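Here are the chains, one letter per residue:
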Amino acid sequence: MYCVIVAVVIVILDQITKYAVVQNIPLNESIPLIEGVFHLHYIRNEGAAFSLMEGRQTFLIAIVIVVVIIVLAYGFYSRKSGSHALFWALGCVAGGGIGNLIDRVRLNYVIDFFDFQVWPVFNVADIAVCVGCGLLAIYILFIEPKKRRLAESSREDA
(Lines give C-alpha, C1' and ligand atoms only; values in the text may rest on other atoms or scores of the structure.)
Protein backbone atom coordinates (compact mmCIF):
# COMPACT_ATOMS: atom_id res chain seq x y z
CA MET A 1 0.00 0.00 0.00
CA TYR A 2 1.46 3.31 -1.19
CA CYS A 3 0.52 5.41 1.87
CA VAL A 4 2.24 2.89 4.18
CA ILE A 5 5.50 3.26 2.22
CA VAL A 6 5.26 7.06 2.51
CA ALA A 7 4.56 6.74 6.26
CA VAL A 8 7.52 4.40 6.83
CA VAL A 9 9.92 6.71 4.97
CA ILE A 10 8.73 9.68 7.04
CA VAL A 11 9.08 7.79 10.33
CA ILE A 12 12.63 6.74 9.43
CA LEU A 13 13.63 10.27 8.37
CA ASP A 14 12.01 11.75 11.49
CA GLN A 15 13.74 9.36 13.88
CA ILE A 16 17.14 9.72 12.18
CA THR A 17 17.00 13.53 12.39
CA LYS A 18 15.91 13.41 16.04
CA TYR A 19 18.72 11.01 16.87
CA ALA A 20 21.24 13.29 15.14
CA VAL A 21 19.99 16.30 17.09
CA VAL A 22 20.15 14.51 20.45
CA GLN A 23 23.68 13.27 19.70
CA ASN A 24 25.02 16.62 18.50
CA ILE A 25 23.15 19.47 20.21
CA PRO A 26 22.91 19.90 23.98
CA LEU A 27 19.37 20.22 25.35
CA ASN A 28 18.03 23.79 25.10
CA GLU A 29 21.03 24.88 23.04
CA SER A 30 20.73 26.59 19.67
CA ILE A 31 22.96 26.47 16.60
CA PRO A 32 22.28 29.37 14.24
CA LEU A 33 22.34 28.34 10.60
CA ILE A 34 21.07 31.74 9.44
CA GLU A 35 21.58 34.11 12.37
CA GLY A 36 18.27 35.45 13.68
CA VAL A 37 16.28 33.53 11.05
CA PHE A 38 16.83 29.78 11.25
CA HIS A 39 18.44 27.81 14.08
CA LEU A 40 18.68 24.19 15.14
CA HIS A 41 17.43 24.32 18.73
CA TYR A 42 16.99 21.08 20.66
CA ILE A 43 13.99 21.20 22.99
CA ARG A 44 11.66 18.67 24.59
CA ASN A 45 7.98 19.30 23.92
CA GLU A 46 5.72 17.65 26.49
CA GLY A 47 2.55 18.85 24.78
CA ALA A 48 1.01 18.88 21.33
CA ALA A 49 1.37 21.64 18.72
CA PHE A 50 2.47 24.93 20.31
CA SER A 51 2.93 22.95 23.58
CA LEU A 52 -0.83 22.71 24.04
CA MET A 53 -2.06 20.05 26.49
CA GLU A 54 1.34 19.83 28.12
CA GLY A 55 1.62 16.89 30.49
CA ARG A 56 -1.38 15.02 29.01
CA GLN A 57 0.71 12.31 27.35
CA THR A 58 -1.79 9.46 27.80
CA PHE A 59 -4.53 11.49 26.11
CA LEU A 60 -2.21 12.59 23.29
CA ILE A 61 -1.00 9.02 22.72
CA ALA A 62 -4.58 7.74 22.55
CA ILE A 63 -5.64 10.45 20.09
CA VAL A 64 -2.67 9.81 17.81
CA ILE A 65 -3.27 6.05 17.82
CA VAL A 66 -6.93 6.55 16.86
CA VAL A 67 -6.08 9.05 14.10
CA VAL A 68 -3.33 6.84 12.64
CA ILE A 69 -5.65 3.81 12.60
CA ILE A 70 -8.40 5.82 10.88
CA VAL A 71 -5.98 7.31 8.33
CA LEU A 72 -4.43 3.94 7.43
CA ALA A 73 -7.85 2.24 7.30
CA TYR A 74 -9.09 4.94 4.95
CA GLY A 75 -5.99 4.49 2.81
CA PHE A 76 -6.66 0.76 2.63
CA TYR A 77 -10.35 1.35 1.84
CA SER A 78 -9.46 3.88 -0.90
CA ARG A 79 -6.59 1.93 -2.44
CA LYS A 80 -8.48 1.17 -5.67
CA SER A 81 -10.23 4.50 -6.16
CA GLY A 82 -7.84 6.98 -4.55
CA SER A 83 -5.30 9.22 -6.21
CA HIS A 84 -1.60 9.74 -5.57
CA ALA A 85 -2.41 12.99 -3.77
CA LEU A 86 -4.68 11.12 -1.35
CA PHE A 87 -2.08 8.44 -0.65
CA TRP A 88 0.67 11.04 -0.13
CA ALA A 89 -1.63 12.97 2.21
CA LEU A 90 -2.58 9.92 4.26
CA GLY A 91 1.02 8.67 4.35
CA CYS A 92 2.31 12.04 5.54
CA VAL A 93 -0.31 12.31 8.30
CA ALA A 94 0.23 8.72 9.45
CA GLY A 95 4.04 8.93 9.26
CA GLY A 96 4.19 12.21 11.14
CA GLY A 97 1.79 10.94 13.76
CA ILE A 98 3.78 7.74 14.25
CA GLY A 99 7.09 9.63 14.38
CA ASN A 100 5.92 11.79 17.26
CA LEU A 101 4.07 8.85 18.85
CA ILE A 102 7.36 6.94 19.09
CA ASP A 103 8.84 9.85 21.06
CA ARG A 104 5.81 10.16 23.35
CA VAL A 105 5.75 6.45 24.19
CA ARG A 106 9.53 6.06 24.50
CA LEU A 107 10.49 9.38 26.10
CA ASN A 108 7.25 10.97 27.38
CA TYR A 109 7.98 14.07 25.24
CA VAL A 110 8.64 14.95 21.59
CA ILE A 111 12.03 16.09 20.32
CA ASP A 112 11.75 19.37 18.38
CA PHE A 113 14.62 21.24 16.72
CA PHE A 114 13.71 23.40 13.68
CA ASP A 115 13.52 26.99 14.92
CA PHE A 116 12.58 29.85 12.60
CA GLN A 117 12.62 32.30 15.53
CA VAL A 118 9.08 33.55 14.80
CA TRP A 119 7.30 30.23 15.11
CA PRO A 120 7.34 27.45 17.73
CA VAL A 121 10.12 24.89 17.33
CA PHE A 122 9.09 21.79 15.34
CA ASN A 123 10.42 18.60 13.70
CA VAL A 124 10.18 16.44 10.55
CA ALA A 125 7.05 14.66 11.83
CA ASP A 126 5.31 18.00 12.36
CA ILE A 127 6.17 19.05 8.81
CA ALA A 128 4.78 15.77 7.46
CA VAL A 129 1.49 16.18 9.34
CA CYS A 130 1.08 19.76 8.06
CA VAL A 131 1.93 18.81 4.48
CA GLY A 132 -0.41 15.81 4.70
CA CYS A 133 -3.28 17.95 6.01
CA GLY A 134 -2.68 20.48 3.23
CA LEU A 135 -2.68 17.75 0.57
CA LEU A 136 -5.80 16.23 2.10
CA ALA A 137 -7.56 19.61 1.91
CA ILE A 138 -6.55 19.95 -1.76
CA TYR A 139 -7.79 16.42 -2.43
CA ILE A 140 -11.14 17.00 -0.70
CA LEU A 141 -11.74 20.45 -2.22
CA PHE A 142 -10.49 19.93 -5.78
CA ILE A 143 -9.56 16.38 -6.80
CA GLU A 144 -12.43 14.38 -5.29
CA PRO A 145 -15.18 16.67 -6.70
CA LYS A 146 -13.58 16.45 -10.15
CA LYS A 147 -13.45 12.65 -9.91
CA ARG A 148 -17.13 12.59 -8.92
CA ARG A 149 -18.12 14.82 -11.85
CA LEU A 150 -16.19 12.62 -14.28
CA ALA A 151 -17.78 9.45 -12.85
CA GLU A 152 -21.26 10.98 -13.07
CA SER A 153 -20.76 12.11 -16.66
CA SER A 154 -19.48 8.69 -17.69
CA ARG A 155 -22.57 7.07 -16.09
CA GLU A 156 -24.83 9.48 -17.95
CA ASP A 157 -23.09 8.65 -21.24
CA ALA A 158 -23.58 4.92 -20.69
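So, here is what we can say about the structure in this document.

The rules behind these values
- Each chain has its residues counted from 1, following the order in which its sequence is written.
- The predicted origin of the model limits local features to residues at a pLDDT of at least 70 and limits the giving and counting of side-chain atom pairs to 80 or more, whereas totals for whole chains, interfaces and linings rest on all residues.
- Here the side-chain values reflect all heavy atoms present in the structure, with hydrogen atoms and water set aside.
- Two strands are said to pair when DSSP picks up at least two bridges between them.
- Labels follow the DSSP assignment, with helices taken as runs of H or I lasting at least four residues and strands as runs of E lasting at least two, numbered in each case from the N terminus.
- Working convention: axes come from line fits to C-alpha atoms, limited for helices to the stretch in contact. Angles between N-to-C directions cover 0 to 180 degrees.
- Contact between two residues is taken to exist if any of their heavy atoms lie within 4.5 Å; hydrogens are not considered.
- The criterion is simple. A nonpolar core is a set of buried Ala, Val, Leu, Ile, Met, Phe, Trp, Tyr and Cys residues joined through side-chain atoms within 4.5 Å.
- Partly exposed describes any residue whose relative accessible area lies between the buried limit of under 20% and the exposed limit of over 50%, with all areas from a 1.4 Å probe on protein chains only and scaled to the type maximum.
- In what follows, a disulfide is any cysteine sulfur pair within 2.5 Å.

A word on the sheet that holds strand 3 (residues 110–115). Taken together, three strands build an open sheet; the order of strands is 1-2-3 and the sheet is antiparallel. Sheet topology places strand 1 (30–34) and strand 3 at the edges, where each strand pairs with a single neighbour. The average angle at which neighbouring strand axes cross in this sheet is 25°, direction not considered. Alignment of strand 2 (residues 38–45) against strand 3, held across five bridges, turns out to be antiparallel. When the bridges of strand 3 are listed, R44 appears paired with I111. Strands in contact with helix 1 (residues 2–24) are strand 2 and strand 3; relative to strand 3, the strand with the most contacts, it is inclined by about 80°.

With that settled, the discussion passes to the pairing of strand 1. Sheet topology places strand 1 next to strand 2; four bridges connect them, and they run antiparallel. Its bridge partner lying in strand 2, I34 is registered against F38. The hairpin turn running from strand 1 into strand 2, its antiparallel successor, is three residues long, and G36 in that turn takes a positive phi close to 75°.

Counting ten residues, the largest nonpolar core consists of V21, I25, F38, Y42, Y109, I111, F113, F114, F122 and V124. Those elements that place two or more of their residues in this core are strand 2 and strand 3. The greatest single-element share of this core, amounting to three residues, is contributed by strand 3. For F113, the residues in contact, after removing those within four places along its chain, are T17, K18, V21, H39, L40, H41, V121, F122, N123 and V124. In this structure, V71, F87, L90 and Y139 belong to the second largest nonpolar core, which totals nine residues.

As a further point, take the state of the cysteines. For the structure shown, the criterion picks out zero disulfides. A disulfide-free cysteine, C92 has its sulfur positioned 9.6 Å from the sulfur of C133, the nearest such atom. C92 sits in the buried class, given a relative accessible area of 6%. Counting only cysteine sulfurs, C130 is the nearest neighbor of C133, a cysteine outside any disulfide, at a range of 6.7 Å. Using a relative accessible area of 42% as the deciding quantity, one classes C133 as partly exposed.

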